[in-house]
Amino acid sequence: LAVCLALAVCLQEKKADLIDKSKGIETVAELEKALGKPKEVSKIGPLEQWIYEASDGKLVFSIVAGRVALEHTEDKK
């Protein structure tokens, strides 16, 4: 089991890889096509945050009215 978990972490992409894949993306459909479904979605009124996990941290995208912007990244703790 430990080997499987270690392998899964090694195969997971880095934040820089996900940022490269998301460059130029403006819509939710484009974001989901490029990165897949997010690990987590949070909603605050009309604002959504899509959170993707990478091997070295997280990417948080803000979405308002179907438009996407990279909000910030977080380092892995």
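Reading guide: rules and limits
Residues numbered from 1 in each chain as written. Predicted model: local features only at pLDDT ≥ 70, side-chain atom pairs only at ≥ 80, totals over all residues. Heavy atoms only, no water. Helix = DSSP H or I, 4+ residues; strand = E, 2+ residues; numbered from the N terminus. Buried < 20%, exposed > 50% of the residue type's maximum accessible area, 1.4 Å probe, protein only. Contact = heavy atoms within 4.5 Å. Areas by Shrake-Rupley, 256 points an atom, 1.4 Å probe, with all protein chains shown as cover. Pairing = 2+ DSSP bridges. Axes fitted to C-alpha atoms, helices over the stretch in contact; angles between N-to-C directions.

1. What about the overall build of the protein?
- What the protein contains, in helices and strands, is three helices and four strands.
- Within the protein, buried positions represent 26% of all 77 residues.
- Taking all contacts inside the protein whose residues are at least 6 apart in sequence as the whole, residues at least 24 apart take part in 33%.
- Of the roughly 5,300 Å² of accessible surface on the protein, a fraction of 59% belongs to carbon and sulfur atoms.

2. Some words on the sheet that holds strand β2 (residues 47-54)
- Taken in spatial order, the four strands line up as β1-β2-β3-β4 in an open sheet, and their pairing is antiparallel. For this open sheet the edge positions go to β1 (40-44) and β4 (67-75), each flanked by a neighbour on one side alone. Strand-to-strand, the axes of this sheet are offset by a mean angle of 20°, without reference to chain direction.
- Sheet analysis places β2 next to strand β3 (residues 57-64), joined by eight bridges and oriented antiparallel. Note that in β3 the partner of E48 across the bridge is I63.

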